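# Structural overview for review
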Amino acid sequence: MSTPSTPSTSHPKGLYVLFATEMWERFSYYGMRAILVLFMTKALLYDKVLASNLYGSYTGLVYLTPLVGGYVADRYWGNQKSIITGGLLMALGQFLLFFCGSTYQSAPELSTALFFAGLGFLIAGNGFFKPNISSMVGQLYGAGDKRVDAAYTIFYMGINLGGALGPIVCGLAGDTGNPADFRWGFMAAGIGMLLSVIIFKQLKDKYVVDPQGKTLGLVPGDKKEIKTSQILAYAGLFAFSLAVIGLLYVDARVFGILSYLLVASVLIIGFMIISDKTLSATEKQRIAVIFIVSFFVIFFWSAFEQAGASLTFFAEEQTQRDLGFLTVPASLFQSLNSIFVVCFAPIVAWLWIKLGNRNAEPSSPTKMAVGLFLLALGYLIIAFGVKGVQPGVKVSMMWLTSMYALHTLGELCLSPIGLSLVNKLAPFRFASLLMAVWFLANAAANKFAGVLSALYPEAGKTPQFLGYQINGLYEFFILFVLMAGAASLILFMVTKKLQKMMA
Ligand code: GLN
């Protein structure tokens, strides 16, 4: 148990080890993501449709593999081994992209193979890294320790510090205007990932310990670690990575297999839960709330995650980035979200406390509806920014910047709440399975983000979505206003009902 005399403001040193580990990993992830679609369109010369679809397949799979990594950690490896293995795989992925960026002119076929392999290793590695680092934060504290919420807030700052620095460093190194330079961005991302692993490996034994000083993340739960032979483990990992690479390739280039996989997974999980006869009526209703809320967040993240795709095309081609003394690389705009998180998070937290003191704090579903509304508002602003602007004419960067500010406020209303809602509502025996539903929703959203980004209007093309014709950027952005706006409105209308069901 934690000692009650511990001052409530101080945190175990292990938190800062996990903070730094996660910060460098996010540096690597968001740094690479900042230049990904630019690399595809400017170096590999993919068109925007293919680049968007690959972006969706890649980020979608990134949210799917944690289901596998979490399972392996729980049963076989524990958190520590999973984090180190996953981290090394991701570093390998970034360095493969570096070699891809070095060979795309001289050996295009080799370069394509390196590209898919690099992305595949990043996806596979993320599956082992991401779920395990997050779950270790809570384990640093004893049961009932009030500092856990603050710990996750500090950890979230680490995520966003990395998310802010990654695009700046990798953008400045790689997004120079010369496509041959993108590789330096991947190199920087790879070095960041290695730093993450080194920090964790060197400091974990000393600091990443439970309140009694016992090292965390070794033996999974109370179970005995199931020993697997080293060779078998590496063979399994290799086979898994190959499967992921294949899945990525098929989904982006042959047919959208990922969508079917996601729907099938949700149906199977739903069936597994429903068919459990021991569930009470209240539990069933609470589970239904998790499914409903997960459905709504798909609309949020699929519009939000345009950041790495269509909004980067927009930054590159339609945004006036010349400051006179320097031209801001398009990739740098991807750091705005994280910068705004660091600035706004304390304000939003303060607001909830203030409203709470007056007994006026909105319910979780209401906050999520507000989040969707702010997202729609962000797109409405940028839609007006581009209204009537001739193709090829660039608009002020204030439009993108204000939009990202609103999107971030929306994220702060929706993202932390969704996760804790799942934790609170899930019956204990279905906790992991329902967390999986949450991850699946994120995966679906990212995949869908790629599909939507592929509708980015270009000269001579008028893409359509469910009969809605996109003649220009105004219509493109209005599509997100309609989508997020409708989702927000419906969620507002059902909040009362959801609150009753959460009982
Ligand atoms: N930006 C946050 C992260 O990278 C949250 C993203 C999300 O939940 N989709 O962890």
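We now examine the overall build of the protein. Each helix and strand counted, the protein has 15 helices and four strands in total. Computed over its C-alpha atoms, the radius of gyration of the protein comes to 22 Å, within 12% of the 23 Å expected for a compact globule of 503 residues. The C-alpha extent of the protein, read off along each of the three principal axes, is 65 × 55 × 45 Å. Per-residue burial over the protein gives 56% buried out of 503 residues. Put simply, of all contacts in the protein between residues at least 6 apart along the chain, 82% involve residues at least 24 apart. When the accessible surface of the protein is summed, it comes to about 21800 Å², and 67% of that surface belongs to carbon and sulfur atoms. Distance between charge centres in the protein, computed from 35 positive and 24 negative side chains, equals 7 Å.

Across all of its chains, the model carries zero disulfides by this definition. The thiol of cysteine 413 is not disulfide-bonded; the next cysteine sulfur, from cysteine 343, is found 16 Å away. Classification of cysteine 413 by relative accessible area gives buried; the value is 6%.

To continue, consider a nonpolar patch on the surface. There is a patch of nonpolar side chains on the surface, built from Phe373, Leu489, Ile490, Phe492 and Met493 and spanning about 520 Å² of accessible area. Take the nonpolar patch: its biggest share by element is four residues, from helix α15 (residues 473–502). Inspection of the secondary structure assignment puts methionine 493 in helix α15. For methionine 493, a relative accessible area of 62% translates into the label exposed.

So, about the site of the ligand. In the vicinity of the ligand, the residues found are Arg26, Tyr30, Tyr63, Lys130, Ile159, Trp301, Glu305 and Asn442. Within the side chain of tyrosine 30, one N or O atom sits 2.6 Å away from an oxygen atom of the ligand. For the ligand, a nitrogen atom lies 3.1 Å from a polar atom in the side chain of tyrosine 63. Of the residues that constitute the shell around the ligand, the class distribution is four nonpolar, one polar and three charged.

Mapped onto the fold, asparagine 337 is located in helix α11 (residues 336–357). Asparagine 337 gets classed as buried once you look at its relative accessible area, which sits at 14%. Contacts of asparagine 337, omitting those with residues within four sequence positions, involve Phe304, Thr408 and Glu411. A polar atom in the side chain of asparagine 337 sits 3.1 Å from the side chain of threonine 408.

This brings us to the packing of helix α10 (residues 310–318) against α15. For the pair α10 and α15, interaxial distance at closest approach is 13 Å and the crossing angle is 150°. Judged by the inter-axis angle, α10 sits roughly antiparallel to α15. You can see that α10 and α15 cross each other, and the crossing is left-handed. Only Leu473, Phe476 and Phe477 of α15 make contact with α10, whose side of the interface consists of Ser310, Leu311, Phe314 and Gln318. In terms of residue class, the contact of α10 with α15 is made up of five nonpolar, two polar and no charged.

Glancing now at the packing of aromatic side chains. Throughout the structure, instances matching the rule amount to 32 aromatic pairs. Measuring from centroid to centroid gives 6.3 Å for phenylalanine 255 and tyrosine 260, while their planes differ by 40°, and the two rings are tilted. Overall, tyrosine 260 belongs to the exposed group, its relative accessible area being 59%. Taken together through their ring pairs, the aromatic side chains of Phe39, Tyr46, Tyr104, Phe115, Phe116, Phe182, Phe186 and Tyr249 make up a single cluster.

Before going further, it helps to examine the pattern of salt bridges. Taken as a whole and judged by the stated rule, the model has twelve salt bridges. The salt bridge involving arginine 26 is made with glutamate 25; its shortest N-O contact spans 2.8 Å. Comparing arginine 26 with glutamate 25, the two get one shared label, buried. Among the charged side chains, a salt-bridge network with shared partners connects Lys48, Glu317, Glu458 and Lys461.

In this section: the nonpolar core. Grouped together as the largest cluster of nonpolar side chains are 165 residues, with contacts concentrated most on Leu54, Tyr58, Phe115, Leu119, Tyr379 and Phe477. Examining the composition of this core, we find that 15 residues originate from one element, helix α1 (residues 13–42), more than from any other. Dropping the residues within four chain positions of it, tyrosine 58 is found in contact with Tyr29, Met32, Leu36, Leu119, Leu122, Ile123 and Leu248.

Let us look at the packing of helix α8 (residues 257–274) against helix α14 (residues 431–453). Between α8 and α14, whose axes approach to 10 Å, the crossing angle comes to 160°. With respect to α14, the axis of α8 lies roughly antiparallel. Here α8 and α14 pass one another in a crossing that is left-handed. Between α8, through Leu258, Ser259, Leu262, Ser265, Val266, Ile269, Met272 and Ile273, and α14, the contact on the second element is made entirely by Leu433, Leu434, Ala436, Val437, Leu440, Ala443, Ala444 and Lys447. Split by residue class, the contact of α8 with α14 holds 13 nonpolar, two polar and one charged.

Thresholds applied
Residues numbered from 1 in each chain as written. Predicted model: local features only at pLDDT ≥ 70, side-chain atom pairs only at ≥ 80, totals over all residues. Heavy atoms only, no water. Helix = DSSP H or I, 4+ residues; strand = E, 2+ residues; numbered from the N terminus. Rg over C-alpha atoms; globule rule 2.2 N^0.38 Å. Buried < 20%, exposed > 50% of the residue type's maximum accessible area, 1.4 Å probe, protein only. Contact = heavy atoms within 4.5 Å. Areas by Shrake-Rupley, 256 points an atom, 1.4 Å probe, with all protein chains shown as cover. Lys, Arg positive; Asp, Glu negative; His and termini not counted. Charge placed at Lys NZ, Arg CZ, Asp CG, Glu CD. Disulfide = S-S within 2.5 Å. Patch = residues over 30% accessible without salt bridge, like charges linked within 9 Å, V, L, I, M, F, W, Y side chains within 5 Å. Salt bridge = Lys/Arg side-chain N within 4 Å of Asp/Glu carboxyl O. Near = heavy atom within 4 Å. Polar contact = N/O pair within 3.5 Å; in protein donor to acceptor, adjacent residues only side chain to side chain. Nonpolar A, V, L, I, M, F, W, Y, C, P; charged D, E, K, R; others polar. Axes fitted to C-alpha atoms, helices over the stretch in contact; angles between N-to-C directions. Parallel < 35°, antiparallel > 145°, perpendicular 65-115°, else oblique. Left-handed = near helix turned anticlockwise from the far one by under 90°. Phe/Tyr/Trp six-rings, centres within 6.5 Å; stacked < 30°, edge-to-face > 60°. Core = buried A, V, L, I, M, F, W, Y, C linked by side-chain atoms within 4.5 Å.

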